[in-house]
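Below, each chain spelled out in residue letters.
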Amino acid sequence: MSAFLPHALAHRIKAEAMWEKYEQYADRTFLSSLRTDFHSRFWEMLLCTELLAAGFKVVKESDAGPEFYITLNGRRVWVEAVSPKAGTGPDAVPPIEYGHAGTVPIDRIVLRIASALSEKISHYRRSLNAGRISPEDGYIICINPSQVPHAKFGTEPSYPSRALYGVGNLTLSIDRYSRKVLDQYNVHTPNVTKMSGASVGTSPFFGSTEKSCSAVIYSTMDFFNIDRFLGNDFAVYHNPNAEHPLRAEAFRKFDQFCPEPIDESRFTLRHFPREAV
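A brief report on the enclosed structure follows. Quantities reported herein were computed from a predicted structural model and do not represent experimental measurements. (Residues numbered from 1 in each chain as written. Predicted model: local features only at pLDDT ≥ 70, side-chain atom pairs only at ≥ 80, totals over all residues. Heavy atoms only, no water.)

### Regarding the overall build of the protein
Selection criterion: Under the DSSP-based scheme used, a helix requires at least four consecutive residues in state H or I and a strand at least two consecutive residues in state E, with every element numbered from the N terminus. Only protein chains enter the accessibility calculation, which uses a 1.4 Å probe; a residue whose area is less than 20% of its type maximum is buried, one above 50% is exposed, and one in between is partly exposed. Note on contacts: a residue pair is in contact if any heavy atoms of the two residues lie within 4.5 Å. When charges are counted, Lys and Arg are positive and Asp and Glu negative, with His and the chain ends excluded. A single reference atom marks each charge: NZ on Lys, CZ on Arg, CG on Asp, CD on Glu.
Across its full length, the protein holds five helices and 11 strands. Each principal axis of the C-alpha distribution contributes one length, and for the protein these read about 65 × 50 × 45 Å. Looking at the 277 residues of the protein, the share that counts as buried comes to 44%. By sequence separation, contacts in the protein at least 24 residues apart represent 57% of the contacts at least 6 residues apart. For the protein, the distance from the average site of its 31 positive side-chain charges to the average site of its 31 negative ones is 1 Å.

### Some remarks on the side chain of Ser 212
To keep things clear, this is the line we draw: Within 3.5 Å is the distance limit for a polar contact, defined as a pair of N or O atoms, with the added protein rule that one can donate a hydrogen and the other accept it, and that residues adjacent in sequence qualify only through two side-chain atoms.
Here Ser 212 shows up in the loop between β7 (199–201) and β8 (215–218). Of the residues examined, Ser 212 reaches a relative accessible area of 16% and is grouped as buried. In this structure the side chain of Ser 212 is engaged in a polar contact, spanning 2.5 Å, whose partner is the side chain of Glu 210. When sequence neighbours within four positions are dropped, the list of residues in contact with Ser 212 reads Ile 121, Tyr 124 and Tyr 139.

### Description of the sheet that holds strand β11 (residues 267–272)
Keep this limit in mind: Paired strands are those between which DSSP finds at least two bridges. Angular values range over 0 to 180 degrees, each being the angle between N-to-C directions of two axes fitted as lines to C-alpha atoms, with helices fitted over their stretch in contact.
Spatially, the seven strands line up as an open sheet ordered β1-β2-β3-β8-β9-β10-β11, and their pairing is mixed. Pairing within the sheet leaves two strands with one partner each, and these edge strands are β1 (68–72) and β11. Taken pair by pair, the neighbouring strands of this sheet meet at an average axis angle of 25 degrees, ignoring direction. Two elements, strand β3 (residues 138–143) and β8, share four bridges in a ladder whose sense is parallel. Bridge pairing links Ile 143 to Tyr 218 in β8. The strands that helix α4 (residues 106–129) touches are β2 (75–82), β3 and β8; relative to β3, the one it contacts most, it runs at about 145 degrees.

### Structural notes on the environment of Ser 158
Relative to the helices and strands, Ser 158 is located in the loop between β3 and α5 (159–165). As a C-alpha pair, Ser 158 and Val 110 span 48 residues in sequence and 9.6 Å in three-dimensional space. Only 2.7 Å separates the side chain of Ser 158 from the side chain of Ser 161, close enough to count as a polar contact.

Structure representation (structure tokens):
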């Protein structure tokens, strides 16, 4: 295999080192399910090992609930991993056509991320009703869209900014006579329209009543690109409306983003860079 993929051996060595750390946290079906759902299961392992490397104590309670939990300021905070795929039907993200010019289907990618978030919020409610999660627990949804075509290459504003806060495209207000830029801002886009005409909310963390999710951890790292990062690319997107918000100090080894209101209809998305390692 290494003859065709020069980095495959290095990737395998790194993955096996990760497994040595993760094995005690893996559920009983982890190894067997790697054959059918490799990216999703690898994301769970990567997430756990990076949290351990950042100094968090990770606890695996059972195979029935979320992947595991960490404790912050005496509060249990559940960590749930999800790796959305391209989707099906008219809103599916099409594969990349190499050698051909085209447009990136930004809205479809945003829909995949929004759908993954919605799915895990529903899972949270089921776990809450079943008693596996307490109302006093925090809840972090960790999204890795590496299986979605185009997603790992990013965009500006970022896909999680678009899917979580409704941050839209940059808009300039230009004086028609002097041609000077009078104002610039990103349009708030709280919804994306599907091909069917149905509207999907894309601003659960701003101007919404979503309180169950404390934050989203976002990453595009996967088995095939883990050698390109010094450390990780993890970014924490905070939910200011959360019932149990997270303190930024706890995640200082990751990039962090949090909206700060300007007025009732505007906000700025503040970036807190990670600490240098």
